[in-house]
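Chain residues, written in single-letter form:
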Amino acid sequence: MNTHAPQLQATIAEVKWLCAVSNNFLSPKNSGATIGLVQDALLAGYLLSLDDTRVDRDIFFDCVMAMKHGWSHDIPVPIGKDADNRPIWTGKQLISMAIPRELNIERKDVRIYNGELVSGHLTKNLLGNGTGTLLHIAVQQLGEDRARDFLDNLHDLNICWLKHRGFTFSLRDITIPERQKQEFHSIVNEAQVKVEEYLERVIDPETKKLTVEDDIAETKINQILNQTISRAGKEVLPSLPRSNLADMATRGGSKGKPSNITQMVGYVGQQNVRGGRIPCGMKDRTLPHFKRNDYGLKSRGWVKHCYEEGLDPQEFFMHAAGGREGIVDTAIKYEIWFPFCFIF
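Before we move on, could you go through the nonpolar core and cite the residues and values that matter?
Residues Leu94, Leu134, Trp161 and Phe184 are the most contacted members of the largest nonpolar core, which totals 71 residues. Residues within four places of Trp161 in sequence aside, it is in contact with Ala44, Leu47, Leu48, Thr53, Val55, Ile59, Cys63 and Leu94.

So, in structure tokens, the structure goes:
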């Protein structure tokens, strides 16, 4: 790798201007913010904005002093005192110390008036990148330099608070009440019944083969399974008890997706290879454990158990087949790249 350093003063000044972070906040594609808070800083911003978050005196002033560019407000009045008779503040009061006074936002449940977070929870929609985020609005209303200072302060404050608060998750976070488990099981059983009923209509009872094209049958089955996954995300996930894992993946949006929660506590779901269900590697069947011309769910890669319950041997094999595709793609990319590295 070669590094080319500019020599002329005019070139140096031009490169400094073009490469300055504050001059590249907004994307020419959609005028949205190109950067934003991610992972730990994003998670801390969400947790701080919760209504029940409380910050004691030592942590409050430690976080305020962590901001490089000074704070935007005077120290707010504490909401009360803790058991040791020390003042405490809300998380909203702390995070408001980094928000510029001139910033005003009202979107759904989130309300920011004169730089103070009055209500709502800050999620990826406001703390991340894209259009309509806090950084995007700050650039438009306050300019690039103040938006840069705001982003630095918000990041430093969030990270400092999360160091004190700590964050982790364990098996307790993927242990859900029995009621939600039964809801997941009922959705899975309903999907299995719908697929079995469809296969009964399209399979010849004598030859045990499909009477329609394979692509048509696979499309219909995938449609049923996709409806199942969508239903679980709408009906069951919102009713799950609050946990660190749910805060991270589904509510704050810092890492993971709702589908990952479903796989941990509900069911893993359909495993795909090359965009479709597991194909028949042997003659008319995927594994010797199944009958020939078995188009059912389990024989073609459906995993009805979740990670918390554990997978049976057939499901484990299907899951490994689905995950192997990504590993092979990565290996092929490196096999193509390394020879060129040695040549040049």
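Please give an account of the sheet that holds strand E5 (residues 110-113) that cites residues and values.
Strand pairing within a sheet occurs via backbone hydrogen bonds; the two strands may be parallel or antiparallel. Spatial strand order, E4-E5-E6: three strands in an open sheet with antiparallel pairing. The open sheet is flanked by strand E4 (105-107) and strand E6 (116-119), the only strands paired with a single partner. Pairs of neighbouring strands in the sheet enclose a mean axial angle of 25°, with direction left out of account. Looking at chain direction, E4 and E5 are connected through three bridges and run antiparallel. Pairing of Arg107 across the sheet is with Val110, part of E5.

An account of the sheet that holds strand E3 (residues 87-90) is requested, with residue identities and associated values reported.
Ordered by their spatial adjacency, three strands build an open sheet running E1-E3-E2, and the pairing between neighbours is antiparallel. Since the sheet does not close on itself, it has two edges, and those belong to strand E1 (54-56) and strand E2 (80-81), each with one partner. Here E1 pairs with E3 via three bridges, running antiparallel. Bridging across to E3, Val55 finds its partner in Trp89.

Tell me what's going on with the pairing of E3, and back it up with residues and numbers.
Relative to E3, E2 is paired through two bridges, and the arrangement is antiparallel. Bridging across to E3, Lys81 finds its partner in Pro87. The turn linking E2 back onto E3 is made up of five residues, and Asn85 within it adopts a positive phi angle of 65°.

What counts and how
- Residues numbered from 1 in each chain as written.
- Predicted model: local features only at pLDDT ≥ 70, side-chain atom pairs only at ≥ 80, totals over all residues.
- Heavy atoms only, no water.
- Core = buried A, V, L, I, M, F, W, Y, C linked by side-chain atoms within 4.5 Å.
- Buried < 20%, exposed > 50% of the residue type's maximum accessible area, 1.4 Å probe, protein only.
- Contact = heavy atoms within 4.5 Å.
- Pairing = 2+ DSSP bridges.
- Helix = DSSP H or I, 4+ residues; strand = E, 2+ residues; numbered from the N terminus.
- Axes fitted to C-alpha atoms, helices over the stretch in contact; angles between N-to-C directions.

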